[in-house]
Amino acid sequence: MDDRFSEPSVLILASLTGGPKHGYALIKDIEEIAGARLGPGTLYGALARLEQRGLVEALPAQDRRRPYRITPAGAEAVRAYLEHVQRVAAAGLKRLEAYG
Amino acid sequence: MSWLIRLYPARWRERYGRELEQLVQDLRPSRSAVAIAFDLVKGALRAHAQREFDMQRSDWTAIRRAALIAGTIWLGLSAEILLSNVVFPSRTDDDAIPVLVSYLCIFAALFLTGLLAARAGAGRRTQVLAGVIAGSLIGALTVASFAVADNVWLDIVAQQQTKIDGFARSGAGSMREYINHQLIGTAVGLTVGLGVFGAALAWAGGSVGHQPLAREEGR
């Protein structure tokens, strides 16, 4: 299993596939799509690691809010991860059906 | 609440601090202060741990590069030792230019070691350590090459006038004994000497290659 992403990183990448967002917009979007409430320290810790790995990039700051966008490498990485999760989920659900 | 951001590493704060502060202000009306504070402290601890990990990684990169540079220089010197002492031996002591070129190459390599260590993000101590390692390795390995050449091709090497004169003055029982005795002293001198030069030149190279934003403060 590809364990390169902790959950906040996956949530951030998934959110950014919908377009560039700054920190607050990311937190609100992640709450909406995943029901997860990321804290500011958690969000920026994950953002910093993703930026260091070239999976997201910073856009010019607007006042003190800086939007981030996903890079092609980030999109490819999150796609591979989510497809893997999807396969595991499908297999697990199928076995659950057989289990009763 | 924003004062908790000071717990983060300075370089991290420099890059993300203003954005994080803004985010805390944006979130404050809808989140509890305790939850935000706890999350900021947790994030700061993790940022420090990440910084330590990054430092260790860049330090190892610098040491690996030092070993690689030393190995490359040693191969070049070994080729020169074989060519000038065994393949094209000379009975006269006319190797001043090759020796000078060899030392210039070594010094340039030691300078480069520090420069590359700085570019890898290594701190000052690691830059100097990389220079010491590269210099000492070059010194020790080069003497080892001399030992192999002198012992394996003793009949050729023993024709050198400097060795004939030295052996005559030494009182040693054999040319091999004389040469190996000389090599022991050279090994210590060259390893320690090049280690010291390595420290100084790598420090100088590190000053040239230093990238202020590539490293956390305090190193």
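This text goes with the structure placed above it.
Quick caveat, the model's predicted, so the values are computed rather than measured.

A. Seen up close, the overall build of chain B. Within chain B, the secondary structure is distributed over 7 helices and 0 strands. When the helices and strands of chain B are placed in sequence order, the string is α-α-α-α-α-α-α. Each of the 219 residues in chain B was classed as buried or not, and the buried ones make up 33%. Considering only intrachain contacts with a sequence separation of at least 6, the fraction spanning at least 24 residues in chain B is 80%.

B. Geometry of the interface of chain B and chain A. Every contact between the two is made by 19 residues of chain B and, on the other side, 13 residues of chain A. Secondary structure elements with two or more residues in the side of chain B that touches chain A: helix 1 (10-27) and helix 2 (33-87) of chain B. Here the element with the most residues in the side of chain B that touches chain A is helix 1 of chain B; it accounts for 10 residues. Considered class by class, the residues forming the side of chain B that touches chain A number 11 nonpolar, 2 polar and 6 charged.

C. Representation of the nonpolar core. The biggest cluster of nonpolar side chains holds 32 residues, and the ones touching the most others in it are A:Ile12, A:Leu43, A:Leu47 and A:Val56. Broken down by secondary-structure element, the contributors of at least two residues to this core are helix 1 (7-16), helix 2 (23-34), helix 3 (40-52), strand 2 (68-70) and helix 4 (72-99) of chain A together with helix 1 and helix 2 of chain B. With sequence-adjacent residues up to four places away left out, A:Ile12 is seen in contact with A:Leu26, A:Ala46, A:Leu47 and A:Leu50. Residues B:Ile69, B:Ala109, B:Ala118 and B:Ile138 belong to the second largest nonpolar core, which totals 31 residues.

D. Fine view of the packing of helix 3 of chain A against helix 1 of chain B. As a packed pair, helix 3 of chain A and helix 1 of chain B sit with axes 10 Å apart at the nearest point and diverge in direction by 145°. Of the two possible hands of crossing, helix 3 of chain A and helix 1 of chain B adopt the one that is right-handed. Contacts between helix 3 of chain A and helix 1 of chain B pair A:Pro40, A:Tyr44 and A:Ala48 from the former with B:Trp12, B:Tyr16, B:Leu20, B:Leu23, B:Val24 and B:Leu27 from the latter. Per-class residue counts for the contact of helix 3 of chain A with helix 1 of chain B are 9 nonpolar, no polar and no charged.

Conventions adopted
- Residues numbered from 1 in each chain as written.
- Chains lettered and ligands numbered in written order.
- Predicted model: local features only at pLDDT ≥ 70, side-chain atom pairs only at ≥ 80, totals over all residues.
- Helix = DSSP H or I, 4+ residues; strand = E, 2+ residues; numbered from the N terminus.
- Buried ≥ 20, exposed ≤ 12 C-beta atoms within 10 Å, placed from the backbone.
- Contact = placed C-beta atoms within 7 Å.
- Nonpolar A, V, L, I, M, F, W, Y, C, P; charged D, E, K, R; others polar.
- Core = buried A, V, L, I, M, F, W, Y, C linked by C-beta atoms within 7 Å.
- Axes fitted to C-alpha atoms, helices over the stretch in contact; angles between N-to-C directions.
- Left-handed = near helix turned anticlockwise from the far one by under 90°.

Such coordinate-based values are descriptive only and should not be taken to indicate function.
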